[in-house]
Amino acid sequence: MKEKKKIDRREFLKVLGVGAAATTAALYGCKPKGGAAGDTAAVGEVPTDRMTCRTTPTTGDRVSLLGYGCMRWPTRAKSDGSGDEIDQQAVNELVDYAIAHGVNYFDTSPAYVRGWSETATGIALKRHPREKFFVATKLSNFDPSTHSRAASMEMYRNSFRALQVDYIDYYLLHGIGMGGMESLRSRYLDNGMLDFLLAEREAGRIRNLGFSYHGDVEVYDYLLSRHEEIKWDFVQIQLNYMDWKHAKELNTRNTDAEYLYGELEKRGIPAVIMEPLLGGRLSNVPDHIVAHLKQRRPSSSVASWAFRFAGSFPGVLTVLSGMSYMEHLQDNLRTYSPLDELTDADREFLEETAQLMLRYPTIPCNDCKYCMPCPYGLDIPAILLHYNKCVNEGNVAASSQDENYRKARRAFLVGYDRSVPRLRQASRCIGCNQCVPHCPQNIKIPHELHRIDRYVEHLKQENL
């Protein structure tokens, strides 16, 4: 058990890191081009035939600008109490509603929802005509035990079985950049899997081939340097109005989205966008940011600003959103049915918003759970997300002199114990670093856990 040390006020401020921030055609339709400017859905209305679509250059697919990310399908407790499982009925309802309102791109992976996502997605989509949807999945051979050609081939073939399809519309090399060039060579080059996937595209079992980027720009640049040879059909990148110019400041990755998108645009490669909400942080923002956004566009949701930003780039094919709840799906449908593109003034406004957001020391966790399970039993995402929630709600106070200190202190501690069982809290972290290589956001997880634990200990000492 590591020793708990008291810290003075100045050290505490450094630990907290707050600084200044302390204080049928209708059923499967896409909106035709040339819609009237400002033609947006009213609040409450969810159009069925006005979805903005983009065209894939290589295959001519008309893809809905809103893509369904299947990483967060809803789950429910098993009837025998032995754990949880995918709530297939809820998944079916979400998929049916999405398709009825123009969504036709569904993105999954063997790694999502503890390995259940592909099967659940396949069951839901099988109930619709095959030509009415595009399915994307990935070769998610992260673990060294799956790097071999045999293991990678089995993962690839199992995706067809789980999704119940004869061909995959969009197939990705998953998580390029995680582990650098060494990982790329082990997962895709030395074992011949990239050559195999190119042959599968030629045979028609893969219609579009691309990769998703997570971190090391050397790997990104290398794969794009081979575009003339490989002919990438699309590339998936993280893009939002915070990462556009401020990725380094956010400690998410070492490359701004402006560079990533620009390199694709130069080559005419369509971009598929992930994390338009930066792990939900651009929909769950502090109250003064909400007021800032609402003042400019009162009838629009906070999240709609982020989706409009991502969708307004002409080289974007589709913007993925992991919509676990119907209200999230409906809100995003309103945003893209049809898209009201950002003006230059809107872009300047969002850069001002980004500058305001940078004052708040949230942690870039998107609850993907790639860091789990922790060998010491910590619930890492729950710890980080509780901290972010308290920051966004103003329940992180740097000094007992702050007006709302007592309220914030109680809200943080009570909420922490309710959100994370004691034996799974940050105090249990020994800094083994086993979680760090698995984080797509490059978070220094033990550092953040120790920082939060010191903050929690400070709050407890205030009551002594």
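First, a word on scope: everything that follows refers to the structure included in this document. (Residues numbered from 1 in each chain as written. Predicted model: local features only at pLDDT ≥ 70, side-chain atom pairs only at ≥ 80, totals over all residues. Heavy atoms only, no water.)

### Things to note about the overall build of the protein chain
For step 1, the next point in the chain: Check the secondary structure of the protein chain and you find 18 helices and 12 strands.
For step 2, the next point in the chain: Counting the 464 residues in the protein chain, one finds 56% classified as buried.
For step 3, the next point in the chain: With an accessible surface of roughly 20,300 Å², the protein chain has 49% of that area assigned to carbon and sulfur atoms. (Helix = DSSP H or I, 4+ residues; strand = E, 2+ residues; numbered from the N terminus. Buried < 20%, exposed > 50% of the residue type's maximum accessible area, 1.4 Å probe, protein only. Areas by Shrake-Rupley, 256 points an atom, 1.4 Å probe, with all protein chains shown as cover.)

### Section: the nonpolar core
For step 1, the next point in the chain: Counting residues in each nonpolar core, the largest one holds 95 residues, and the members touching the most others are Trp 73, Phe 106, Phe 211, Ile 237 and Leu 239.
For step 2, the next point in the chain: In terms of residue count, helix α13 (residues 302-311) provides more of this core than any other element does, seven residues in total.
For step 3, the next point in the chain: Contacts of Phe 106, omitting those with residues within four sequence positions, involve Tyr 68, Cys 70, Val 95, Ala 98, Ile 99, Leu 125, Phe 133, Phe 134, Val 135 and Ala 136.
For step 4, the next point in the chain: Leu 384, Cys 390, Ile 445 and Ile 452 belong to the second largest nonpolar core, which has 29 residues in total. (Core = buried A, V, L, I, M, F, W, Y, C linked by side-chain atoms within 4.5 Å. Contact = heavy atoms within 4.5 Å.)

### As for the environment of Arg 149
For step 1, the next point in the chain: Note on placement: Arg 149 falls in helix α5 (residues 149-163).
For step 2, the next point in the chain: Judged by relative accessible area, Arg 149 falls into the partly exposed class, the value being 38%.

### As for the packing of helix α16 (residues 380-392) against helix α17 (residues 405-419)
For step 1, the next point in the chain: Look at α16 against α17: their axes get within 10 Å of each other, and the N-to-C directions meet at 150 degrees. It follows that α16 is roughly antiparallel to α17 by the angle criterion. Here the hand of the crossing between α16 and α17 comes out right-handed. Between α16 and α17, the residues in contact are Ala 382, Ile 383, His 386, Tyr 387 and Cys 390 and Ala 411, Phe 412, Gly 415, Tyr 416 and Ser 419, respectively. (Axes fitted to C-alpha atoms, helices over the stretch in contact; angles between N-to-C directions. Parallel < 35°, antiparallel > 145°, perpendicular 65-115°, else oblique. Left-handed = near helix turned anticlockwise from the far one by under 90°.)

### Brief notes about the pairing of strand β9 (residues 206-213)
For step 1, the next point in the chain: Across the eight residues of β9, seven count as buried, placing the element largely inside the fold.
For step 2, the next point in the chain: Two elements, strand β8 (residues 168-176) and β9, share six bridges in a ladder whose sense is parallel. Along β9, the bridge assignment pairs Tyr 171 with Leu 209.
For step 3, the next point in the chain: One ladder, built from three bridges, connects β9 with strand β10 (residues 234-238); its direction is parallel. Its bridge partner lying in β10, Phe 211 is registered against Val 235. (Pairing = 2+ DSSP bridges.)

### Remarks on helix α18 (residues 445-461)
For step 1, the next point in the chain: For α18, spanning 17 residues, the distance from its first C-alpha to its last is 24 Å, which sits close to the expected 24 Å at 1.5 Å a residue.
For step 2, the next point in the chain: Counting buried positions along α18 yields 13 of 17 residues, so the element is predominantly enclosed. (Expected span 1.5 Å × (residues − 1).)

### A closer look at the sheet that holds strand β3 (residues 66-69)
For step 1, the next point in the chain: Read around the barrel, eight strands follow the order β3-β6-β7-β8-β9-β10-β11-β12 and close on themselves; strand pairing throughout is parallel. Pairs of neighbouring strands in the sheet enclose a mean axial angle of 30 degrees, with direction left out of account.
For step 2, the next point in the chain: Packed onto the sheet, helix α8 (residues 217-225) meets β8, β9 and β10 and runs at close to 150 degrees relative to β9.

### Examining the packing of aromatic side chains
For step 1, the next point in the chain: In this structure the tally under the stated criterion is 23 aromatic pairs.
For step 2, the next point in the chain: Summarising the aromatic geometry, the rings of Tyr 156 and Tyr 171 are spaced 5.2 Å apart at their centres and angled 90 degrees between planes, so their arrangement reads as edge-to-face. Placement of the pair is Tyr 156 in helix α5 and Tyr 171 in strand β8, with a sequence separation of 15 residues.
For step 3, the next point in the chain: Taking the relative accessible area as the measure of exposure, Tyr 156 reaches 2% and is therefore buried.
For step 4, the next point in the chain: We classify Tyr 171 as buried; its relative accessible area is 0%.
For step 5, the next point in the chain: Among the aromatic side chains, those forming a connected cluster through ring pairs are Tyr 241, Trp 244, Tyr 261, Phe 309 and Phe 313.
For step 6, the next point in the chain: Above the face of the Phe 349 ring, Arg 296 is positioned so that its terminal group lies 4.8 Å from the ring centre.
For step 7, the next point in the chain: Over the face of the ring belonging to Phe 313 we find Arg 347, whose NZ or CZ atom lies 4.9 Å from the ring centre. (Phe/Tyr/Trp six-rings, centres within 6.5 Å; stacked < 30°, edge-to-face > 60°. Lys NZ or Arg CZ within 6 Å of the ring centre and 35° of its normal.)

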